[in-house]
Amino acid sequence: MAASPHSPNSTFRRLRGQHSPAEFAALVRRAAKEIGETVSCDARYIGRVESGEIRCPNYAYERVFLHMFPGRTLADLGFSPRESVRGRSGRRAPLSLPLHRSPSSAKESDVLRRAFMAGGSATVAAATLSLTLLGDTRRLPSRAGESEAAAVEDAVRQIRLLDDRHGADALYRRAAEPLRTAYALLDAGATRQSTEDRLHSGAGELAVSVGWLAHDSGRFDDARSHYAEALATARVARDAGLEAHAFSNMAFLARDCGRSREAVRAAQAGLRAARSLGSPRLLSLLALREAGGWAGLADRKACEEALTRAHTEFSRGESDADPEWMSFFGQAELESLEARCWSALGEHARAARHARRAADLQDPHFARNVALYTAELAGDLARAGAPDEAAWAGGRLLDLLAEVQSTRIRSMLAETAETLIPHQRSPRVAAFLTRRVTV
């Protein structure tokens, strides 16, 4: 029987069995990969399901849960009918809010939450429009509650999902609106300390996500500002996980801006913050960020030492302590980051081998990453003296850019085209260069 709006989902809890919430979340993420779906499931999400806060999952989670439990319906898993939860009429049940909140305050909170969560459309245009609704601070409650904290967290997940599928360009300006709202909620204060802690973490992660959208769309100054805001939030909240995330992205940005020593220092600061978190994969990623900085400084020995540490930590496997935002970091991303190191050191043929592995290993569902790795492959092949192969990879990238919008990837493609101009007598190269002009 479906759970009521205010009662725990005991059916789903029984299905979890002896697994901890974190262990079960890992099973959910694994099942999602099996069917080419993308969910950012963690122990907190499982807790929200079991508490009854999530009465019906979104369509992505629905597909994953039905894949995990074949032959069952959502009702069999303890969820309410979708039409009773997401209908457009006034039948929507109010959120569970503190008893001292007024009906009008509860209504405003519900509107805010729907605005955060309304980005489920498959198109960027519809999703970014829904994100814009968050900029209406007139609907903010006087004090933030659990529903507002959950709304901020859902906005982070939605932005990451859309970026994975479409790239950053169409999202950045719209995503800045929910960020302002998140910090307005934080400034308003929360009904309890645990909620305020969630708001700090959520607002900081949102700042990192919006910073990444700026970063990927070539707005480096904006990205630097957002990352700094996330870092300040982490320091205020004493959130080591958020601090490590902010430093990771700051190292990445510094490398892209040509500030290699800053990239090394930011990565090392991130490693210090991450030591106590128990996530080998996070340590691996930060070691790769450090390696990228050393490569930019042409310090081959230090780069290789950092790469060795990255591979050692990665080989330890996934952990329940892995942050939710690291769902993108698998073997493909490791290969890609190593490819960038060898490319910076001038070993383009070696870099191309890693970039090819990255493109081959990446789940096609992550369209932006497939495009990025293919752009790296094309560039490395061109600089390695393989113009025909580079033109082939460039053509494949042009196909991918029909659904991915990323200034960074297009800039990489432009550099590859420029490198190939001396080889335009080759029919394959000429065809690629001609096609690129028309796309």
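See above for the structure.
These numbers come from a predicted model, not from an experiment.

## Points about the overall build of the protein chain
In step 1: Of the regular secondary structure elements, the protein chain holds 21 helices and zero strands.
In step 2: Long-range contacts, defined as pairs at least 24 residues apart, comprise 68% of the intrachain contacts of the protein chain with a sequence gap of at least 6.
In step 3: About 19,200 Å² of surface is accessible on the protein chain, with carbon and sulfur atoms providing 51% of the total.

## Some remarks on the nonpolar core
In step 1: With 40 residues, the main nonpolar core has Leu 199, Leu 206, Leu 213 and Tyr 227 as its most contacted residues.
In step 2: Contributions of two or more residues to this core are made by helix H8 (146-166), helix H9 (172-188), helix H10 (193-216), helix H11 (220-237), helix H12 (240-256) and helix H13 (260-274).
In step 3: With nine residues, the top contributor of residues to this core is H10.
In step 4: If sequence neighbours within four positions are ignored, Leu 199 has contacts with Ala 144, Glu 148, Ala 149, Val 152, Leu 185, Leu 186 and Ala 190.
In step 5: Counting residues in hydrophobic clusters, the runner-up holds 33 residues, among them Ala 358, Ala 367, Ala 371 and Ala 378.

## Side note on helix H18 (residues 367-383)
In step 1: Helix length check: H18, at 17 residues, gives a terminal C-alpha distance of 25 Å against a target of 24 Å (1.5 Å per residue), a fit within 8%.
In step 2: Burial runs high along H18: 16 of the 17 residues are buried.
In step 3: At the exit of H18 stands Gly 385, carrying a positive phi of roughly 85 degrees.

## Regarding the side chain of His 200
In step 1: For His 200, the location among the structural elements is in helix H10.
In step 2: Ignoring any residue separated from it by four or fewer positions in sequence, one finds His 200 in contact with Leu 186, Thr 233, Val 236, Ala 237 and Leu 242.

## Points about the pattern of salt bridges
In step 1: Counting across every chain of the model gives 22 salt bridges.
In step 2: For Arg 368, the salt bridge is made with Asp 216, and the minimal N-O distance between the two is 3.6 Å. You can see Arg 368 sitting in helix H18 and its partner Asp 216 sitting in helix H10, a full 152 residues away along the chain. The pair formed by Arg 368 and Asp 216 is uniform in burial state, with each residue classed as buried.

## Here we look at unusual backbone geometry
In step 1: One non-glycine residue, Arg 238, lies in the positive phi region at around 55 degrees.
In step 2: The topology assignment puts Arg 238 in the loop between H11 and H12.
In step 3: Note on Arg 238: relative accessible area 78%, which makes it exposed.
In step 4: Not every positive phi belongs to a glycine, and Ala 298 is a case in point at roughly 60 degrees.
In step 5: Residue position: Ala 298 is located in the loop between helix H14 (280-296) and helix H15 (300-315).
In step 6: The exposed category is assigned to Ala 298, whose relative accessible area is 62%.

Calculation notes
Residues numbered from 1 in each chain as written. Predicted model: local features only at pLDDT ≥ 70, side-chain atom pairs only at ≥ 80, totals over all residues. Heavy atoms only, no water. Helix = DSSP H or I, 4+ residues; strand = E, 2+ residues; numbered from the N terminus. Contact = heavy atoms within 4.5 Å. Areas by Shrake-Rupley, 256 points an atom, 1.4 Å probe, with all protein chains shown as cover. Core = buried A, V, L, I, M, F, W, Y, C linked by side-chain atoms within 4.5 Å. Buried < 20%, exposed > 50% of the residue type's maximum accessible area, 1.4 Å probe, protein only. Expected span 1.5 Å × (residues − 1). Salt bridge = Lys/Arg side-chain N within 4 Å of Asp/Glu carboxyl O.

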